[in-house]
Amino acid sequence: MLLQIPDLLTADEIRHARQLLADAPWADGRDSAGPQAATVKNNQQLPHDAPAARAIRQLVLAGVERHPLLLAAALPKRIFTPRINRYGGATSCYGAHVDNAIRFTAEGERVRTDVSCTVFLSEPGDYDGGELQVQDTYGSRGVKLPAGHAVLYPGTSVHQVTPVTRGHRLACFFWIESMVRSDEQRRLLFDLDMALMRLRERHGETDEAVSLTGTYHNLLRMWADT
Ligand code: NI
């Protein structure tokens with residue numbers, strides 16, 4: 001499932017992040033890529049321990065925690081340390097690749113990459129190209145969102161970032177290990193959750209809504225690995 005997450009970060013937080021990145025110590029993005037991905041990856045990333053990376057990471061993780069749509073769609077169990085990257089100039093693209101299924105944090109903790117998330121830190125007008133393209137069963141979908149917005153996409157997908165031909169594209173990305181491993185089951189839970197929300201908006205609390213909420217939680221109990 002490809003899902004837009006509007007306003008993960010506020011306009012103030014984006015301004016702050018952009019200031020932090022103005023003179024950040026960018027490094028070669030291939031440092032964190034698996035063998036296949038490294039052959040097509042050509043961007044820059046901030047080292048995990050750079051002060052700007054730490055600060056932006058905190059902003060993003062706080063945004064995740066307060067965003068009900070993201071939480072409902074991803075059902076996070078663990079989040080892999082968010083990274084900040086930059087595309088532009090001679091390091092401007094990331095060809096078609098798949099992400100490694102398992103990532104290791106600095107502390108050696110394993111995180112399964114069920115759901116990928118990209119948070120856009122640049123405005124679309126700041127650069128040309130730089131579209132995130134995600135392949136799914138319907139073909140390839142292009143995503144380029146306003147600063148502060150994010151996109152969730154399945155960790156299982158082949159995806160790429162097309163070349164940035166003008167300006168720079170700043171983004172933060174991370175992976176989520178979901179309590180519910182299966183994309184299909186997660187999708188069913190999300191659809192039920194959203195339908196229940198709309199049902200309550202329209203009719204208020206009803207016996208039927210309570211009963212279906214029970215079904216939601218019983219499915220989550222059956223499928224979730226906590
Ligand atoms: Ni990737």
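Just above sits the structure.
The shown structure was predicted, so the numbers you read here are calculated from the model rather than taken from an experiment.

(A) Summary view of unusual backbone geometry. Although it is not a glycine, D7 adopts a positive phi angle of roughly 50°. Note on placement: D7 falls in the loop between β1 (3–5) and α1 (11–21). Backbone geometry at L75 places phi at a positive 45°, although glycine is not the residue there. A relative accessible area of 6% places L75 in the buried class.

(B) Quick peek at the pattern of salt bridges. Per the stated rule, a full pass over the model turns up 14 salt bridges. When the shortest N-O distance is used, the salt bridge between R78 and E177 registers 3.2 Å. Of the two residues, R78 sits in strand β5 (residues 76–79) while E177 sits in strand β17 (residues 169–178), which places them 99 residues apart along the sequence. Across the pair D114 and R112 runs a salt bridge whose closest N-O atoms are separated by 2.8 Å. With respect to burial, D114 and R112 carry one shared label: buried. Overlapping salt bridges, with partners in common, bring together K77, R78, E109, E177 and D225 in one network.

The rules behind the values
- Residues numbered from 1 in each chain as written.
- Predicted model: local features only at pLDDT ≥ 70, side-chain atom pairs only at ≥ 80, totals over all residues.
- Heavy atoms only, no water.
- Helix = DSSP H or I, 4+ residues; strand = E, 2+ residues; numbered from the N terminus.
- Buried < 20%, exposed > 50% of the residue type's maximum accessible area, 1.4 Å probe, protein only.
- Salt bridge = Lys/Arg side-chain N within 4 Å of Asp/Glu carboxyl O.

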